[in-house]
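# Per-entry structural report
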Protein chains: 2
Amino acid sequence: MIAIKRLSSTDPDFKERLDALLAFEAAQDACVEQTVADILSEVKARGDAAVIEYTQRFDALSANSMAELELSQSELQQALAALPPTQRQALEAAAERVRSYHQRQPLQSWQYEDEGEKTHGTMLGQKVTPLDRVGLYVPGGKASYPSSVLMNAIPARVAGVRELIMVVPTPAGEHNPLVLAAAALAGVDRLFTIGGAQAIAALAYGTQTIPQVDKIVGPGNAYVAAAKRRVYGVVGIDMVAGPSEILVICDGQTNPAWVAMDLFSQAEHDELAQSILVCPDTAYIERVAAALDDLLPTMPRQRVIRAALENRGALIQVRDLDEACHIANRIAPEHLELSMADAETWVDKIRHAGAIFIGPYTSEALGDYCAGPNHVLPTSGSARFSSPLGVYDFQKRTSLIRVSQAGSQTLGRIAATLAYGEGLPAHARSAEYRVES
Amino acid sequence: MIAIKRLSSTDPDFKERLDALLAFEAAQDACVEQTVADILSEVKARGDAAVIEYTQRFDALSANSMAELELSQSELQQALAALPPTQRQALEAAAERVRSYHQRQPLQSWQYEDEGEKTHGTMLGQKVTPLDRVGLYVPGGKASYPSSVLMNAIPARVAGVRELIMVVPTPAGEHNPLVLAAAALAGVDRLFTIGGAQAIAALAYGTQTIPQVDKIVGPGNAYVAAAKRRVYGVVGIDMVAGPSEILVICDGQTNPAWVAMDLFSQAEHDELAQSILVCPDTAYIERVAAALDDLLPTMPRQRVIRAALENRGALIQVRDLDEACHIANRIAPEHLELSMADAETWVDKIRHAGAIFIGPYTSEALGDYCAGPNHVLPTSGSARFSSPLGVYDFQKRTSLIRVSQAGSQTLGRIAATLAYGEGLPAHARSAEYRVES
């Protein structure tokens, strides 16, 4: 039996219990912080030499030069060519669907002329440009995921980023061929087999060999996350993700084994992952609970799954599906499955979620790999204010302002009035100079 | 004489001197950090009572209840009605132009159906929604700027944010009528006269009186910046801005007094502000230097201006305008003036800048107040990877995925292959269940 929490929205202390269930604070470890600070300053000061030393020490590699830590394009292409055909086709199909979805995202530049007579000839706009150079961190070892390479690299490529540099640690020299194949498919320009805070430092500051990037994206362990937070400002970073989450709202008509397996699919990520079912049907909740118990022994990662479900999972009974949507908005989940026969009609009630999986055929796993949208999504309730990774994250905007001589007369007077009001006379005078002209 | 640095791109050590000129690292003060950590935890634990105590202590207010620290809509409207007509008209004209520009920004939701036969009926999309509730921090005292209220509040309103809560400290009870009038014009819903880390904490965690927001925007002092960094994750935040910067590229044909005053207009902000002129014409650079010396004694804020120009300012001679653009891309300035007769033709050469002011009539001050684009711009070179504040910052995207039964057969096989490849069998099985159906 899995000791998963049971909540009901009619419990007198339901709000408090729900708050407690959702509470999660990423602890910052002082020891990790100090180690990372030291690594960053060493790499900043000594470049390649420091990166090589840390890689020898942490990844047990015997490399003595950066050249030994770089893979060539032909090595990436060989990894792709060597894949079993089924894997290669799956990876190519996924890449193509992800590309096709993201190609609908790019922002376009625009500009327009002021229509007013008094500002005739004045033009305003925004110019959209891709980032010059992006670094992609890919974890090594068991959490080295080819899908993550596609989801991070493809939006960058679609945005038009000039150069994409990937880093992936290869502890004891072990390469993951699927990851290298994904890098080949996604069009990674250079790949270094380094990882940890030293790889983040190399990308953020540049070394003799590794060029400085403008932004670093991709998941990583606590050292990588701490390093990314510290270099933010020197370079851009994507979000620092919390544990993965799924919320399933079910009307009680989906096969209970499907829902149970969807809850497992988050729970198998790690022991802090969160899987929650919300449903108005008491009997159905019991059927899902029974399916969880039945299926658990068949799962290779059952220890992790049990720990996650017992630590942070829940089966929540609600009055009706309206209340279920209300709770979903409170949670703002990373993944939300609407496992209902008329799922489409409920989408408008959801204000906050990273991604919505509509209808019982849309298992969350399809979105992780190949539906098309990005699988990098806001966690820990941050869907209230942030968004899936996208082409947007690899573009930036520059405002354009061209004020005509006519425009400078009108706008100069307005600006001068406001600048004097703010006690900024140089601002006012610089506007007035153009008025007087 | 202002001892402003002179650089030339032909100097053998030019690159090093330019790097040194641009180097700026925001120091984190351990004492500020500890004070802020304490304030955040007190407000989180005790709510209104802690906010009132800190406000009594830091702002010398005698208020004993939150009700005394909230201004009513009629007080805001009275402030607007009481403005001198010229100021009111200027504020209204600025608000209208800022609104008009930002109305071109909102992202729209979209969705599309898969065209392939094998995935027939599968729909993908992204749903764009405004944030529910936003907090706007406005500094008190001398840096209390009505233009900042407009630039932060109007994009939020255009995005459709439901509730906009402003905080502004009023040390010793002194209100800034222009700031209150701007709040009325921009449509702020509630306004509390609180500030500092205690105001950030109240917005981030919520108190008995102040509702929790989803994102906090707006400038502030070191305590406010530290508090924003610490609550990031609980709520969204905008960027934490560095000192203001202007880079002027001039072809030597603009009135030197205009360029000198534009350099002053950044320098008057504070002693760390950075004003740089880049020009290929030696004689013209000398004329600007002379204008700086001539005009300085006429400036009320001359002490600050001199300090900024001597600390961080520079006059840089270059070989030609192409090289000037190259340097601009290296600097990625917050504000870039192209003060050239044919300025328009150089815009395409600029890849990195917060805003480009095109042509000699476009003084940077016009953009600060009323041209239309936002004046909250990326500083310290972060225009390489980030963008002006905009409606985008008050919207978020949710991915939509609806896989049909047909689609789940095709996509399920792809997902299962990749999931097994990643060692995630529950992901694979949840996809396979739908294939078998």
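Conventions we followed
Residues numbered from 1 in each chain as written. Chains lettered and ligands numbered in written order. Predicted model: local features only at pLDDT ≥ 70, side-chain atom pairs only at ≥ 80, totals over all residues. Heavy atoms only, no water. UniProt positions renumbered as here; feature names shortened; annotations may be inferred. Helix = DSSP H or I, 4+ residues; strand = E, 2+ residues; numbered from the N terminus. Buried < 20%, exposed > 50% of the residue type's maximum accessible area, 1.4 Å probe, protein only. Contact = heavy atoms within 4.5 Å. Phe/Tyr/Trp six-rings, centres within 6.5 Å; stacked < 30°, edge-to-face > 60°. Lys NZ or Arg CZ within 6 Å of the ring centre and 35° of its normal. Polar contact = N/O pair within 3.5 Å; in protein donor to acceptor, adjacent residues only side chain to side chain. Least-squares fit on C-alpha atoms with pLDDT ≥ 70 in both. Salt bridge = Lys/Arg side-chain N within 4 Å of Asp/Glu carboxyl O. Pairing = 2+ DSSP bridges. Axes fitted to C-alpha atoms, helices over the stretch in contact; angles between N-to-C directions.

### What to know about the UniProt feature "binding site: Zn(2+)" (unreviewed entry) in chain A
All names here are of chain A.
- In the numbering adopted here, UniProt assigns the feature "binding site: Zn(2+)" (unreviewed entry) to Gln266, His269, Asp368 and His427. With the annotated positions falling across 162 residues, the maximum pairwise C-alpha distance of 55.3 Å shows that they are not confined to a single cluster.
- Relative to the helices and strands, Gln266 resides in helix H10 (residues 256–267).
- Owing to a relative accessible area of 0%, Gln266 belongs among the buried residues under this scheme.
- Leave out the neighbours within four places in its chain, and Gln266 touches Ser244, Glu245, Ile246, Ala273, Gln274, Ser275, His335 and Glu364.
- Along the chain, His269 falls in the loop between H10 and strand S11 (274–279).

### Let's talk about unusual backbone geometry
All names here are of chain B.
- One non-glycine residue with positive phi stands out, namely Ala172, at about 60 degrees.
- Positionally, Ala172 belongs in the loop between strand S6 (163–167) and helix H7 (177–186).
- Positive phi, close to 55 degrees, is recorded for Ser380, a residue that is not glycine.
- Position of Ser380 relative to the elements: it lies in the loop between helix H14 (364–369) and strand S15 (395–402).

### Overview of the packing of aromatic side chains
- Within the structure shown, the criterion is met by 10 aromatic pairs over all chains.
- Ring pairs connect the aromatic residues Tyr101 of chain A together with Trp110 and Tyr112 of chain B, which therefore count as one cluster.
- Lying across the ring of Phe58 of chain A, Arg57 of chain A places its NZ or CZ 5.5 Å from the centre.

### A closer look at the environment of Arg434 of chain A
- Looking at the element boundaries, Arg434 of chain A is found in helix H16 (residues 425–436).
- A relative accessible area of 1% places Arg434 of chain A in the buried class.
- Taking the C-alpha atoms as reference, Arg434 of chain A lies 9.6 Å from Gly407 of chain A; in sequence the two are 27 residues apart.
- With residues near it in sequence (within four places) discarded, Arg434 of chain A still touches Ser408 and Gln409 of chain A together with Trp258, Asp262, Glu337, Pro360, Tyr361 and Ser363 of chain B.
- At 3.1 Å, the side chain of Arg434 of chain A forms a polar contact with the backbone oxygen of Ser430 of chain A.

### Considerations on the UniProt feature "binding site: NAD(+)" (unreviewed entry) in chain A
Residue and element names in this part refer to chain A.
- Per the UniProt annotation, the sites labelled "binding site: NAD(+)" (unreviewed entry) are Tyr137, Gln198 and Asn221. These annotated residues cover 85 residues of sequence, but their C-alpha atoms sit close together, with the largest distance between any two at 12.8 Å.
- Secondary-structure assignment places Tyr137 in strand S5 (residues 133–137).
- What makes Tyr137 buried here is its relative accessible area of 4%.
- Among residues more than four places away in sequence, those in contact with Tyr137 are Val167, Pro169, Gly195, Gly196, Ala199, Ile200, Val217, Gly218, Pro219, Gly220 and Val224.
- Among the polar contacts made by the side chain of Tyr137, one reaches the main-chain amide nitrogen of Gly196 at a distance of 2.8 Å.

### Examining the relation of the copies chain A and chain B
- Once turned by 180 degrees and shifted 0.0 Å along the axis, chain A lies on chain B with an RMSD of 0.0 Å. Classification of the inter-copy transformation places it as that of a two-fold axis. Of every C-alpha in chain A, the one belonging to Leu107 of chain A sits nearest the axis of rotation, 4.6 Å from it.

### Remarks on the pattern of salt bridges
- Using the criterion set out here, one finds 48 salt bridges over all chains in the structure.
- With its nearest N and O atoms 2.5 Å apart, the salt bridge here joins Arg384 of chain B to Asp214 of chain A. Placement of Arg384 of chain B in the loop between H14 and S15 and of Asp214 of chain A in the loop between helix H8 (196–205) and strand S8 (215–217) is noted, with the two residues assigned to different chains. For the residue pair Arg384 of chain B and Asp214 of chain A, the accessibility class agrees, reading buried in each case.
- The partner of Glu344 of chain B in a salt bridge is Arg402 of chain A, with the nearest N and O atoms 2.8 Å apart. Of this pair, Glu344 of chain B sits in the loop between strand S13 (335–339) and strand S14 (355–358) while Arg402 of chain A is found in strand S15 (residues 395–402), placing the two residues in two different chains.

### So, the sheet that holds strand S9 (residues 236–237) of chain A
Residues and elements named next belong to chain A.
- Spatial ordering of the open sheet is given by S2-S7-S6-S5-S8-S9, a layout of 6 strands whose pairing is mixed. On the outer flanks of this sheet lie strand S2 (70–71) and S9, each paired with one strand and no other.
- Two elements, S5 and S8, share 3 bridges in a ladder whose sense is parallel. Among the inter-strand pairings, Gly135 is bridged to a residue of S8, identified as Ile216.
- Strand contacts of H8: S5, strand S6 (163–167) and S8, with the helix running at about 175 degrees to S5, the strand carrying the most contacts.

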